[in-house]
Amino acid sequence: MTPLQYTFSEGEKYTLAGPAAAEYYRAVTFDPAPHTVVRGKTKYWQIQFGHRVMFVKADDVRVTFQ
């Protein structure tokens with residue numbers, strides 16, 4: 001997995017969808033025996049960025065309600 005090339009400037013505001021877990025399902029074969037869910041401790045927020053769904057680190061943003 002690699003991060004996207006987008007950057008956000010300080011003070012920009014985006015629509016927040018909610019918190020997201022830092023996990024993914026690792027399956028490199030058709031045999032389900034070695035498949036695993038990889039979980040991290042980093043917290044993310046899901047945002048709407050143009051017509052895309054993005055995830056930003058919770059520690060990097062300030063959530064405000066208007």
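Our structure's up above, just so we're on the same page.
> Please provide a residue-by-residue account of the overall build of the chain, values included.
What the chain contains, in helices and strands, is zero helices and five strands. Each helix and strand of the chain, placed in order from N terminus to C terminus, yields the pattern β-β-β-β-β. Against the globule reference of 11 Å for 66 residues, the chain gives a C-alpha radius of gyration of 15 Å, more extended than a compact globule. Over its C-alpha atoms, taken along the principal directions, the chain stretches across nearly 45 × 20 × 15 Å.

> Now, about the sheet that holds strand β4 (residues 44-49): what can you tell me, with residues and values included?
Pairing within the open sheet is antiparallel, and its three strands lie in the order β1-β4-β5. Whereas interior strands pair on both sides, the edge strands pair on one side only; in this sheet they are β1 (15-20) and β5 (52-57). Going from strand to strand, the sheet's axes swing by 30° on average, the running direction of each strand aside. Bridge analysis of β1 against β4 gives five bridges, and the strand direction is antiparallel. Along β4, the bridge assignment pairs glycine 18 with glutamine 46.

> Describe the environment of alanine 27, naming the residues involved and giving the relevant values.
Within the secondary structure, alanine 27 is located in the loop between β2 (23-26) and β3 (36-39). Sequence separation of alanine 27 and arginine 39 is twelve residues, and the distance between their C-alpha atoms is 14 Å.

> A description of the packing of aromatic side chains should follow, citing residues and the corresponding values.
Inspection of every chain in the model, using the stated rule, returns four aromatic pairs. With 5.2 Å between their ring centres and 75° between their planes, phenylalanine 8 and tyrosine 14 make a pair best called edge-to-face. Measuring from centroid to centroid gives 5.4 Å for tyrosine 14 and phenylalanine 49, while their planes differ by 55°, and the two rings are tilted. Note that tyrosine 14 is positioned in the segment before β1 and phenylalanine 49 in strand β4, a separation of 35 residues in sequence. Among the residues examined, tyrosine 14 registers a relative accessible area of 31% and is labelled partly exposed. A network of ring pairs unites the aromatic residues Tyr6, Phe8, Tyr14 and Phe49 as a single cluster.

Calculation rules
Residues numbered from 1 in each chain as written. Predicted model: local features only at pLDDT ≥ 70, side-chain atom pairs only at ≥ 80, totals over all residues. Heavy atoms only, no water. Helix = DSSP H or I, 4+ residues; strand = E, 2+ residues; numbered from the N terminus. Rg over C-alpha atoms; globule rule 2.2 N^0.38 Å. Pairing = 2+ DSSP bridges. Axes fitted to C-alpha atoms, helices over the stretch in contact; angles between N-to-C directions. Phe/Tyr/Trp six-rings, centres within 6.5 Å; stacked < 30°, edge-to-face > 60°. Buried < 20%, exposed > 50% of the residue type's maximum accessible area, 1.4 Å probe, protein only.

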